[in-house]
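Residue-level listing of the chains:
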Amino acid sequence: MSNLLILGGTTEANALARSISDLGVSATYSYAGRVDTPRSQPLPVRVGGFGGAEGLARYIQDLGITHVIDATHPFAAQMSRNAIDACVSTGVHLAALTRPAWAHQDGDRWQRVPDVTAAVDALAGPTQRVFLAIGRMHLDDFVAQPQHRYLLRLVDEPEALPLPNADVVVARGPFTVEGDRALMERHGTQVVVSKNAGGKGARAKLDAARALGITVVMIDRPALPLRTELSSVAQVLDWLDHSGVNLGV
């Protein structure tokens, strides 16, 4: 009997969960617990960390997981590394459902940097209005550049902010180019800081920045060990079908 574990939290993971539920395959959807109000799912849900690769391996063994699909955010690198290690140690099938990275287009004013630390360094200099479009996980890092006026777009209302000068917009994507352009114009945005997350739901800010001639400090994705990477729900279902899962189709 197949038993799937979906490491989720993304639009792609949600779409996969719907398809798996429709097919009647036994599966659990796992949230990392970083969002206060996660979306409901058509599958049994668990929330929170596993306790590293060893904890995930124990979970896989205790629940009889046969296949793991890593559909986490492209920047959830530690979770992805843990999934790789846990699946190697338990001999369980692993595939990643990951969206293609955004590519530079004509008219883009990208300053590519390798990581968050380099993005912080890129903001050294005079005061600017910065749209910090990276979520809440790395806000503390930007305390090193307190001279800027920051615009933050977060999924949940923050309890406290480490940045002394910040405006907060609470919103959940997908976003539109028209809406993001209006947001940047309203706040006088001069620089956008973005992770290269890929996908359609959050790319509107890049199109808006291109239209407005705004520089984007683009953080490259973290490097991960070799793994099976798929880019659509259909590809995941095909992989499952060829990995011993009875999809009933």
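See the structure shown above.
Overview of the structure. (Residues numbered from 1 in each chain as written. Predicted model: local features only at pLDDT ≥ 70, side-chain atom pairs only at ≥ 80, totals over all residues. Heavy atoms only, no water.)

Quick word on the sheet that holds strand S7 (residues 129–133)
We count it as follows: Pairing between strands requires that DSSP locate at least two bridges from one strand to the other. Only DSSP runs of H or I reaching four residues or more are called helices, and only runs of E reaching two or more are called strands; each is numbered from the N terminus. Here an axis means a line fitted to C-alpha atoms, over the contact stretch when the element is a helix, while the angle between two N-to-C directions is reported on a 0 to 180 degree scale. Any pair of residues with heavy atoms lying within 4.5 Å of one another is described as a contacting pair.
As summarised here, the arrangement of the 6 strands in space is S6-S11-S10-S7-S8-S9, forming an open sheet in which the pairing is parallel. One side of each edge strand has no neighbouring strand; the edge strands of this open sheet are strand S6 (110–113) and strand S9 (166–170). Adjacent strand axes in the sheet meet at a mean angle of 20°, parallel and antiparallel pairs treated alike. When S6 meets strand S11 (residues 215–219), the two strands line up parallel, connected through 4 bridges. By the bridge assignment, Gln111 is partnered in S11 with Val217. Each of S7, strand S8 (149–154), S9 and strand S10 (191–195) touches helix H5 (residues 177–187); the most contacted strand, S8, lies at about 150° to it.

Some words on the packing of aromatic side chains
To keep it simple, the criterion reads: The rule is short: rings of Phe, Tyr and Trp, with Trp giving its six-membered ring, pair when the centres are within 6.5 Å, and they are stacked under 30 degrees, edge-to-face over 60, tilted in between. Relative accessible area decides the class of each residue, using a 1.4 Å probe on protein chains only: under 20% of the type maximum gives buried, over 50% gives exposed, and in between gives partly exposed. Only when the NZ of Lys or the CZ of Arg is both within 6 Å of the ring centre and within 35 degrees of the ring normal is a charge said to sit over the ring.
Counted by the stated rule, this structure contains 3 aromatic pairs. Taking 4.8 Å as the distance between ring centres and 55° as the angle between the ring planes, the aromatic pair formed by Tyr29 and Tyr31 counts as tilted. On the accessibility criterion, Tyr31 (10% relative accessible area) is buried. Between Phe142 and Tyr150, the ring centres sit 6.5 Å apart and the planes meet at 70°, which makes this aromatic pair edge-to-face. In this structure Phe142 comes out as buried when scored by relative accessible area, which is 0%. The ring of Phe50 has Arg46 sitting right over it, with the charged end atom 3.8 Å from the ring centre. The ring of Phe175 has Arg153 lying over it, and the distance from NZ or CZ to the ring centre is 3.6 Å.

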